[in-house]
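This is what each chain is made of:
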Amino acid sequence: MQDGQPASDSSHDGKGQPTLREAALFGLCPQCGNRTLFSGWVSFDSRCRACGLDFTWFNVGDGPAAFLTLIVGAILVGLAGWLAVAVAPPWWVHVILWLPLGLGMTLGGLRLSKAALLWSEYRQKAGEAGR
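Residues numbered from 1 in each chain as written. Predicted model: local features only at pLDDT ≥ 70, side-chain atom pairs only at ≥ 80, totals over all residues. Heavy atoms only, no water.

Asks: Would you mind showing me how to read the overall build of the chain here?
Replies: Along the backbone of the chain there are three helices and zero strands. In the chain, the order of α-helices and β-strands from amino to carboxyl end is α-α-α. The 131 residues of the chain split such that 32% are buried. (Helix = DSSP H or I, 4+ residues; strand = E, 2+ residues; numbered from the N terminus. Buried < 20%, exposed > 50% of the residue type's maximum accessible area, 1.4 Å probe, protein only.)

In structure tokens, the structure reads:
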């Protein structure tokens, strides 16, 4: 970083802006590429601490959470059903396996999908309706 500007990275498109994969995996600001997108595990910061981009302008909403619940739920039910038929373990094995796995898949997927959706809205110049 020099004079308040991020150093250019050869993996970016020459403007210091991250790709979709980079932004989603590392929580990068879609404008400057710094790791300033999240203030918590899945909550966005109000603005980028490096370039000042206002993240509240974007409307990510509950779409990622709804889709992830359905996708993760389908995967876990399929795996739990397969395990019950193939091995027939006691009920506590299901609890030990599926609760942490479901929580991890949901939170990890939520972070990835929210970052990807914000990046996409930034690239398409989309935002909250009426603004």
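Asks: What's the story with helix α3 (residues 91-124) in this structure? I'm lost.
Replies: Residue pairs three or four apart in sequence face the same way in an α-helix, which turns once every 3.6 residues. In this model α3 runs 48 Å from its N-terminal to its C-terminal C-alpha over 34 residues, within 8% of the 50 Å that 1.5 Å per residue would give. Two residues or fewer past α3, K125 is found with a positive phi of approximately 60 degrees. (Expected span 1.5 Å × (residues − 1).)

Asks: I'm lost on helix α2 (residues 63-86) in this one. Help?
Replies: With 24 residues, α2 ought to run about 34 Å at 1.5 Å a step, and its terminal C-alpha atoms sit 35 Å apart, in line with that. Taken together, the buried positions of α2 are occupied by P64, L68, V72, L76, A80 and L83. Summarising the contacts, the buried residues of α2 are in contact with α3. At the exit of α2 stands A88, carrying a positive phi of roughly 55 degrees. (Contact = heavy atoms within 4.5 Å.)

Asks: Please explain unusual backbone geometry as it appears in this structure.
Replies: Leaving glycine out, the prevailing phi sign among residues is negative, and the prevailing peptide bond configuration is trans. Although it is not a glycine, A88 adopts a positive phi angle of roughly 55 degrees. Here A88 is to be found in the loop between α2 and α3.

Asks: Quick question: what am I supposed to make of the pattern of salt bridges here?
Replies: Any two side chains of opposite charge can pair, so long as their charged atoms come close to each other. Counted under the stated rule, the structure contains one salt bridge. A salt bridge links D45 to R49; its shortest N-O distance comes to 2.4 Å. The class of D45 is buried, set by a relative accessible area of 17%. On the basis of relative accessibility, which here comes to 56%, the residue R49 falls in the exposed class. (Salt bridge = Lys/Arg side-chain N within 4 Å of Asp/Glu carboxyl O.)

Asks: Is there a simple way to explain a nonpolar patch on the surface in this structure?
Replies: Taken together, the side chains of F67, L70, I71, I75, L79 and L101 make up a nonpolar region of the molecular surface, amounting to roughly 570 Å² of accessible area. By the element assignment, I75 lies in helix α2. (Patch = residues over 30% accessible without salt bridge, like charges linked within 9 Å, V, L, I, M, F, W, Y side chains within 5 Å. Areas by Shrake-Rupley, 256 points an atom, 1.4 Å probe, with all protein chains shown as cover.)

Asks: Please clarify how the nonpolar core should be interpreted in this entry.
Replies: Generally speaking, soluble globular proteins have nonpolar side chains that are buried together. In this structure, C29, L37, C48, L53, F55 and L118 are the most contacted members of the largest nonpolar core, which totals 13 residues. When near neighbours in sequence (up to four residues on either side) are disregarded, C29 contacts P18, N34, T36, C48, C51, L53 and F55. Counting seven residues, the second largest nonpolar core, distinct from the first, contains L68, V72, L76 and L83. (Core = buried A, V, L, I, M, F, W, Y, C linked by side-chain atoms within 4.5 Å.)

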